[in-house]
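# Fold and contact review
Below are the chains, spelled out letter by letter.
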There are 2 protein chains.
Amino acid sequence: MPRLPFLALLGVLMTAALPLRAAEVHTFTLDNGMEVVVLEDHRAPAVVHMVWYRVGAADEPPGRSGIAHYLEHLLFKGTEVRAPGEFSELVAANGGTDNAFTSQDYTAYFQRVAADRLDLMMELEADRMVNLQLDDRDIATELVVVQEERNQRTESDPGALFAEQRSAALYQNHPYGIPVIGWMHEVEQLALEDAVDFYRTYYAPNNAILIVAGDVTPDEVRQLAETHYGPIPANPDLPERIRPQEPPHLAERRLVFEDPRVAQPYVVRTYLAPERDAGDQETAAALTILAQVLGGGQTSELNRRLQFETGQAIYTSAFYGGTSLDDTSFGLLIVPAEGVSLDEAETALDDAVAAFLEEGVDAEQLDRIKMRLRAALIYGEDDLQSLARTYGMALTSGLTVQDVEAWPDILQAVTEEDILAAAAEVFDRRASVTGWLTAPADATPAEEAIQ
Amino acid sequence: MPRLPFLALLGVLMTAALPLRAAEVHTFTLDNGMEVVVLEDHRAPAVVHMVWYRVGAADEPPGRSGIAHYLEHLLFKGTEVRAPGEFSELVAANGGTDNAFTSQDYTAYFQRVAADRLDLMMELEADRMVNLQLDDRDIATELVVVQEERNQRTESDPGALFAEQRSAALYQNHPYGIPVIGWMHEVEQLALEDAVDFYRTYYAPNNAILIVAGDVTPDEVRQLAETHYGPIPANPDLPERIRPQEPPHLAERRLVFEDPRVAQPYVVRTYLAPERDAGDQETAAALTILAQVLGGGQTSELNRRLQFETGQAIYTSAFYGGTSLDDTSFGLLIVPAEGVSLDEAETALDDAVAAFLEEGVDAEQLDRIKMRLRAALIYGEDDLQSLARTYGMALTSGLTVQDVEAWPDILQAVTEEDILAAAAEVFDRRASVTGWLTAPADATPAEEAIQ
């Protein structure tokens, strides 16, 4: 079985696109500007405690790629009152788990613990929001860890390198073209000063969202938040969050990525696509459903046409991540069956999409997809961590709690016309990158295109 | 006759690559850090007076593309003591001409006047280095002028748009991928504050080079420079000039730019290529000669093979601009003859280059090229403005006066082995972008490649 790198990615995107209405949602804002979202759910005596910062890799200064992610690592070093590593040790000693993640648009820290340990979690998290103590040794060793992470996740994975090259080709001006983990040659040069500057600029309560999900009341959260986060002053110099946007895309781009480690060649096309905007999520909803219609599961259009009917593919997919601060992408993927060249596979993919656009959306399939989304909503209620993450992603991507709450109904209201109109808007070759991943030995189809 | 947009470009690049040893060269530095180069030549009673700033489009803050060029326009507005437009009026009233230009690496201002007007030129230029007065009306009207300039030079010229798209695809991280004139959507948003910030940061004597060429002595220049530029304080906060560099290029990129205005389709391939570095100009010299061997004039390899022998092309070219602060590009161009598709033309181009690499450099042709470069040196001595420009470009691109002086001999010392080694280093498809420019009507070859 070949490795199919998009399966994992799709899982994340699907989760993000699910309608979620679990728990009772309360929101308020501390005097220092810190937003608070409480997802009250008393079914189990546990809480998820998250702090999301409205800063990610796309907010990095030029030439300092990777600093957002590197700083995320450094947050686990010591503070004025905690020794390096003590944070996670304390969480574990209290029966909890903790972690953090960085994306283009956000950096988030979370713990899952017994509800009566929320006080301690806030104490720890508030402490490292402003009191981080970094020394040269800490930062040097952690930089090696980050480089090693890039080696493992990216350098050793042709699919990951291929994805980087495609993103760099898709974005002509926006920093989404730069990988979250950073270019290796820039990561190697990151310095203590870069980390401290980034920390002092962006880690402040007026740039943070506190999300607490689970067995708590809003009053408890408010009291604890005011105790721990309330005394931290806002950063009056927090920069406005404006990134360079894309110019008009005027020419389709193509690339062939050859790597001897590739066991299974495939073709991916990504189109620049609009994201969910506050109060304006309809196109994104249509694209979310379009991705399901084309590539979601066994009965999807691509699967039906290319695996069952013609047998040209062993795997197909369509993917779209609409929760993003700026323009995102819509992707199509085909892994050809044995004996089918990448050129033939790409033509087959294009033909299948064209046939779908001509024939329209199957009404029963659309109903099934909406049903599946409703069902996912119900299951989603049980996963507080996923629920909290949905709110965190949305709020750090320019959306509001109201947008999150409206999303399930907007998805359900999507019509066949909406889907076809969104497809017509997005499937513009000039705003696309088509990539072939292949081993040099399998050079025939690649040579055809690059001659 | 079709329009051949690269002819003009080539002219500039060839000029930049010429060895120049005219005039007597003197250099010194003012106490405030302003470098001075005097090119003493008493054959005519005129001078060229230039101030070059070590700042260009590649130094712009993210999202503010076009600010360097816009500011260049604004420098012709008023100062505390001069009314808007008075600068150029005074130059003209004194029988002189003046202008300015902006590139990725520099912004330069110059006047050509009678030698006894040098005093006035310095007074005027020193005044606008620090005393610029901008009001909202000035900047609003000039912004319209700049947008119109972009409309005329870029938006209305498919070849220019094509070049922008190719640069954006070639550079994955470095700001050379952003056009000097700026993306229109960013130019439209440029504000007074952006211009003033850029001006205050970069317009200072310690970021400037004064070049005076013509009928002056170094002592006269020193005295006048100390009088006019000497009192201006250095900017202690001048930022270090470090731009984001390219990651390894791992996948060849291709693009097809279709525009109904294209009368004559053509193919361009550009490879990322090293630039001239201080004390290390040998590879750049070999690439400079390689461009001449492949594409310089009637007897060049591409011309001979593709126009005279096979008749597949009506024009071919190779171009390389080595005077650049960071990595530059090496380009190949073919304009196919009637009935030859872009696909066939590209294959013919590749075959011609491959045949050349196999057969090696024709010794007689290499001698002719070196002779031509020596002759150009002698002619170049007569053009003080071109000579001054050569020094300005070099010094703002990280080179020294010594590098400029050594360049002619380094070019003459280039051997066949050097040329082939440089070609082998640079002709790596993974670090290249191949672009097809075509009209949509001429869709057959384009469709072949983008299916």
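In this text, all values refer to a predicted model and were calculated from it rather than measured experimentally.

## Looking at the pairing of strand β7 (residues 251-258) of chain A
- For β7 of chain A, the buried fraction is high: 8 of the 8 residues fall into the buried class.
- Of the two faces of β7 of chain A, the one carrying A251, R253, L255 and F257 of chain A and the one carrying E252, R254, V256 and E258 of chain A are both buried.
- Relative to strand β7 (residues 251-258) of chain B, β7 of chain A is paired through 7 bridges, and the arrangement is antiparallel. Bridging across to β7 of chain B, V256 of chain A finds its partner in E252 of chain B.

## A closer look at the sheet that holds strand β6 (residues 208-214) of chain B
Residues and elements named next belong to chain B.
- Across the sheet, 6 strands lie side by side as β1-β2-β6-β3-β5-β4; this open sheet has mixed pairing. Either end of the sheet is taken by a strand with one partner, and the two such strands are β1 (24-29) and β4 (97-102). Pairs of neighbouring strands in the sheet enclose a mean axial angle of 15°, with direction left out of account.
- Relative to β6, strand β3 (residues 46-53) is paired through 7 bridges, and the arrangement is antiparallel.

## Regarding the confidence of the model for chain A
Residues and elements named next belong to chain A.
- Per-residue pLDDT for chain A has a mean of 92; in total, 92% of the residues score no lower than 70.
- Here residues 1-21 is modelled with pLDDT under 50, and outside its nearest four sequence neighbours on either side it reaches 40 contacts, counting other chains as well.
- Confidence drops under pLDDT 50 across residues 442-451; counting only partners more than four residues distant or on other chains, this segment forms 21 contacts.
- The ipTM, which scores confidence in the relative placement of chains, is 0.82 for this predicted complex, and the corresponding pTM is 0.87.

## Description of the interface of chain B and chain A
- With 31 residues of chain B at the interface, the matching set in chain A holds 32 residues.
- At the level of elements, α6 (158-170), α7 (184-187), β7, α12 (342-359) and α17 (443-450) of chain B are the ones that each hand at least two residues to the side of chain B that touches chain A.
- Sorting elements by how many residues they give to the side of chain B that touches chain A places β7 of chain B first, with 7 residues.
- Residue classes in the side of chain B that touches chain A are distributed as 17 nonpolar, 8 polar and 6 charged.

## Thoughts on the sheet that holds strand β8 (residues 266-273) of chain A
- Spatial ordering of the open sheet is given by β9(A)-β10(A)-β8(A)-β11(A)-β7(A)-β7(B)-β11(B)-β8(B)-β10(B)-β9(B), a layout of 10 strands whose pairing is mixed. Each having just a single partner strand, β9 (313-320) of chain A together with β9 (313-320) of chain B make up the two edges of the open sheet. Averaged over neighbouring strand pairs, the angle between their axes works out to 15° when direction is ignored.
- Two elements, β7 of chain B and strand β11 (residues 432-438) of chain B, share 6 bridges in a ladder whose sense is parallel. Bridged to F257 of chain B within β11 of chain B is L437 of chain B.
- In the packing of helix α12 (residues 342-359) of chain A onto the sheet, contacts are made with β8, β9, β10 (328-336) and β11 (432-438) of chain A, and the angle to β10 of chain A comes to roughly 125°.

## Regarding the relation of the copies chain B and chain A
- The transformation that overlays chain B on chain A combines an axial shift of 0.0 Å with a rotation of 180°, and the residual RMSD is 0.0 Å. Both copies of the chain, as the preceding transformation shows, are related through a two-fold rotation axis. Distance from the rotation axis, computed per C-alpha, reaches its smallest value in chain B at R254 of chain B: 2.5 Å.
- Mapped onto chain A, 100% of the interface residues of chain B again fall at the interface, so both copies present the same surface.

## Side note on the environment of P45 of chain B
Residue and element names in this part refer to chain B.
- Here P45 shows up in the loop between β2 (35-40) and β3.
- Judged by C-beta crowding, with 10 C-beta atoms within 10 Å, P45 ranks as exposed.
- In this structure, the C-alpha to C-alpha distance between P45 and T316, residues 271 residues apart in sequence, is 42 Å.
- Apart from residues no more than four positions distant in its own chain, P45 is found in contact with A114, A115 and D215.

## A look at the environment of L39 of chain A
Residues and elements named next belong to chain A.
- Within the element layout of this structure, L39 appears in strand β2 (residues 35-40).
- Overall, the presence of 23 C-beta atoms within 10 Å leaves L39 in the buried class.
- Between the C-alpha atom of L39 and that of V212, which follows or precedes it by 173 residues, the distance is 6.2 Å.

## A few points about the pairing of strand β10 (residues 328-336) of chain B
Residue and element names in this part refer to chain B.
- A large share of β10 lies buried, amounting to 9 of its 9 residues.
- Neither face of β10 is exposed, since T328, F330, L332, I334 and P336 on one face and S329, G331, L333 and V335 on the opposite face are all buried.
- In terms of strand pairing, strand β8 (residues 266-273) meets β10 through 7 bridges, oriented antiparallel. Note on β10: the bridge partner recorded for Y271 is F330.
- In the sheet, β9 pairs with β10 via 7 bridges, with the strands oriented antiparallel. When the sheet's bridge partners are listed, Y315 is paired in β10 with V335.

Reading the values: the criteria
- Residues numbered from 1 in each chain as written.
- Chains lettered and ligands numbered in written order.
- Predicted model: local features only at pLDDT ≥ 70, side-chain atom pairs only at ≥ 80, totals over all residues.
- Buried ≥ 20, exposed ≤ 12 C-beta atoms within 10 Å, placed from the backbone.
- Helix = DSSP H or I, 4+ residues; strand = E, 2+ residues; numbered from the N terminus.
- Pairing = 2+ DSSP bridges.
- Axes fitted to C-alpha atoms, helices over the stretch in contact; angles between N-to-C directions.
- pLDDT = per-residue confidence, 0-100.
- Contact = placed C-beta atoms within 7 Å.
- Nonpolar A, V, L, I, M, F, W, Y, C, P; charged D, E, K, R; others polar.
- Least-squares fit on C-alpha atoms with pLDDT ≥ 70 in both.

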